[in-house]
Amino acid sequence: MRSRTTGGVRATVAAGTFYPSNPDELTAMVDELLDGASTVAGGSVPHAIVVPHAGYVYSGPIAASGYATIRPAANRFRRVALFGPAHFVPLDGAAVPEAGAWRTPLGDVGLDPELRRVALDAGAVADDASHAPEHALEVQLPFLLRVAGPDVGILPVALGRVASGAAADLIEAVGEIADLVIVSTDLSHYHDQETARRLDRRTADAILARDPGAIGPEDACGVFALRGMVELARRRALGVRLLDLRTSADTAGDPSRVVGYGAFAIGS
């Protein structure tokens, strides 16, 4: 895999915890998740997907349902932009990496300089600090590599406090030259199973209705990127499909304290 910019390489922070660090084990796990993914009949390959970012044992099956929708056109995706939260570093606006590549157990993934240039022109700043401790975008890369192949170029974008319209402007600008946009977010956090299902259903309905204002700050940890993507879908009258909606209790967790996960296809 080739680095597409001249900066250094960001080390993985999630391998061995969120997903396996052994390349063979990781490949087998991702391929099994993709092969077992639920699919929604009748939809075409989308231009954007919304997928979760927890440990694979919890959210992997739901994330796989998003990646399964792009698998039929895998050779189409050479430039991919990823938008997600900054869980650990306070951030206003958007930050793109200064690093030239991101390391994964499956190899280094190069950052695409044209995507980066467009994001910077649209108001993002170059800052590795927002990305250094963050798992939300990193955990997407093994799925992306297994679907799109080793030559894919990426642009990870961390979105902090930003208005829905400004987030939509950034996603739209980058999406004009990206072959695929990925929005990474989990849904409700640490409710009981019944409450989580009710809250996540409400959030899913807001996404399907293309109503970013109906998505509250506690409804999704990647709320700024999610609202921006939903606002863009509203502006451009993009179709939105629900692919999967489950919680950690449905996959591997305690039903008394769950995290919600949803997968959506947009622009299909």
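Up top you'll find the structure we're talking about.
As the structure is a computational prediction, the values presented were derived from the model and not from experiment.

This part is about the environment of Val223. Among the secondary structure elements, Val223 is positioned in helix H7 (residues 223-235). Distance from Val223 to Ala11, taken between C-alpha atoms, is 26 Å for residues 212 residues apart in sequence.

Looking at chain direction, strand E5 (residues 101-104) and strand E6 (residues 107-110) are connected through four bridges and run antiparallel. Opposite Arg103, over in E6, you have Asp108 as the bridge partner. Following E5, the chain reverses through two residues before pairing antiparallel with E6.

Turning our eyes to something else, we now look at the packing of aromatic side chains. Between two aromatic rings, the relevant description is the distance of the centres plus the angle of the planes. Using the criterion set out here, one finds three aromatic pairs in the structure. A ring pair is formed by Tyr56 and Phe143, whose centres lie 5.0 Å apart and whose planes are at 50 degrees; its orientation type is tilted. Of this pair, Tyr56 sits in helix H2 (residues 56-70) while Phe143 sits in helix H4 (residues 141-148), and the two are 87 residues apart along the sequence. Measuring from centroid to centroid gives 5.1 Å for Tyr67 and Phe143, while their planes differ by 10 degrees, and the two rings are stacked. With a gap of 76 residues between them, Tyr67 in helix H2 and Phe143 in helix H4 connect regions that are remote in the sequence. On the basis of relative accessible area, Phe143 is assigned to the buried category, the value being 1%. Connected via pairs of aromatic rings, a cluster forms that spans Tyr19, Tyr56, Tyr67 and Phe143. Above the ring of Trp102, the side-chain terminus of Arg10 is found at 4.2 Å from the ring centroid. The ring of Tyr190 is capped by Arg257, whose NZ or CZ atom sits 4.1 Å from the centre of that ring.

Right, let's get into the pattern of salt bridges. Using the criterion set out here, one finds 18 salt bridges in the structure. The partner of Glu114 in a salt bridge is Arg117, and the shortest N-O contact between them spans 2.9 Å. With Glu114 and Arg117 both in helix H3 (residues 113-121) and three residues apart, the pair spans about one turn of that helix. For Glu114, a relative accessible area of 31% gives the class partly exposed. For Arg117, a relative accessible area of 40% puts it in the partly exposed group. The residue Asp121 makes a salt bridge to Arg117 at a minimum N-O spacing of 3.2 Å. Here Asp121 pairs with Arg117, and both are found in helix H3, just four residues apart, close to one helical turn. Take Asp121: its relative accessible area is 60%, and that puts it in the exposed class. Each of Asp169, Glu172, Glu176, Glu231, Arg234, Arg235 and Arg236 takes part in one network of salt bridges that share partners.

Spatially, the three strands line up as an open sheet ordered E1-E5-E6, and their pairing is mixed. Two strands bound the open sheet, and with one partner strand each, they are strand E1 (9-10) and E6. Summarising the sheet, E1 and E5 pair through two bridges and their orientation is parallel. Bridged to Val9 within E5 is Ala101.

Scoring rules and cut-offs
- Residues numbered from 1 in each chain as written.
- Predicted model: local features only at pLDDT ≥ 70, side-chain atom pairs only at ≥ 80, totals over all residues.
- Heavy atoms only, no water.
- Helix = DSSP H or I, 4+ residues; strand = E, 2+ residues; numbered from the N terminus.
- Pairing = 2+ DSSP bridges.
- Phe/Tyr/Trp six-rings, centres within 6.5 Å; stacked < 30°, edge-to-face > 60°.
- Buried < 20%, exposed > 50% of the residue type's maximum accessible area, 1.4 Å probe, protein only.
- Lys NZ or Arg CZ within 6 Å of the ring centre and 35° of its normal.
- Salt bridge = Lys/Arg side-chain N within 4 Å of Asp/Glu carboxyl O.

The values are spatial; any link to function lies outside them.
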